[in-house]
Amino acid sequence: MNTPMIYNGYSAIIEFDNECDSFRGEVLDINDTITFYANCVENLKQAMKDAVDDYLEHCKEIGKTPEKPYSGKISVRMETNLHKLAANAATMRGKSINSFIVDCIEKEIFRKNISIQSQGKKTQFFSEKKISSLDENTNAHG
């Protein structure tokens, strides 16, 4: 299993780099590049912490807002008629269009998860909890 390392809301994937004979980490889900290296497993957490802290300090020094993965905000573009239908469906359910879209995404993800499990494959990420509960438990997203 390939579980990402997590520090301060940032997730990183770790690989072994044969050329450097060390572990290489790279922070995921941001456009900026944050990488770090360690020669042993024990030093990986500290290397990630140092790399993320250095990134945040550098952003502060140059007056840039640091990128945070998964802010919880997305912009969705759709055809006008679909937008109207979604708004009507949300209203009929007594929900905001935002809540309606989140519910639809959750239902699709969990429906797919059930389908994947029924094919004999295992997944550990999804459970019957809502996605927001997963975020609170893992602190994986900012």
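Here is what the cut-offs are and how they apply
Residues numbered from 1 in each chain as written. Predicted model: local features only at pLDDT ≥ 70, side-chain atom pairs only at ≥ 80, totals over all residues. Heavy atoms only, no water. Core = buried A, V, L, I, M, F, W, Y, C linked by side-chain atoms within 4.5 Å. Buried < 20%, exposed > 50% of the residue type's maximum accessible area, 1.4 Å probe, protein only. Helix = DSSP H or I, 4+ residues; strand = E, 2+ residues; numbered from the N terminus. Contact = heavy atoms within 4.5 Å. Pairing = 2+ DSSP bridges. Salt bridge = Lys/Arg side-chain N within 4 Å of Asp/Glu carboxyl O. Axes fitted to C-alpha atoms, helices over the stretch in contact; angles between N-to-C directions. Phe/Tyr/Trp six-rings, centres within 6.5 Å; stacked < 30°, edge-to-face > 60°.

A. Inspection of the nonpolar core at higher detail. Of all hydrophobic cores here, the largest spans 16 residues; its most connected members are Tyr 10, Val 27, Ile 34, Phe 36, Leu 44 and Met 48. Of all the elements in the fold, those that place two or more residues in this core are strand S2 (10-17), strand S4 (35-38) and helix H1 (41-62). Excluding anything up to four places from it in sequence, Val 27 contacts Tyr 10, Ser 11, Ala 12, Ile 34 and Val 52.

B. Region of the structure containing the pairing of S2. Bridge count between strand S1 (residues 5-7) and S2: 3 bridges; the pairing is antiparallel. The residue bridging Met 5 from the neighbouring strand is Ala 12, located in S2. Counting the residues that bridge the hairpin from S1 to S2 gives 2 residues, and of these Asn 8 lies at a positive phi of roughly 55°. Direction of pairing for S2 relative to strand S3 (residues 22-27): antiparallel, over a ladder of 6 bridges.

C. Representation of the pattern of salt bridges in the model. Within this structure, the stated rule accounts for 5 salt bridges. Residues Asp 32 and Lys 64 are paired through a salt bridge, measuring 2.5 Å at the closest nitrogen-oxygen approach. Residue Asp 32 is found in the loop between S3 and S4, and its partner Lys 64 is found in the loop between H1 and helix H2 (80-92); the two are separated by 32 residues along the sequence.

D. A look at the sheet that holds S2. Strand order in this open sheet of 4 strands is S1-S2-S3-S4, and the pairing throughout is antiparallel. For this open sheet the edge positions go to S1 and S4, each flanked by a neighbour on one side alone. The average undirected angle you get between the axes of adjacent strands in this sheet is 30°. In this sheet, S4 lies alongside S3 in antiparallel orientation, the contact comprising 4 bridges. Residue pairing for S4: Phe 23 is matched across the bridge by Ala 38.

E. Molecular detail of the packing of aromatic side chains. According to the stated counting rule, one finds 2 aromatic pairs in the structure shown. Ring plane angle 75° and centroid distance 5.3 Å describe the contact between Phe 16 and Phe 23, whose orientation is recorded as edge-to-face.

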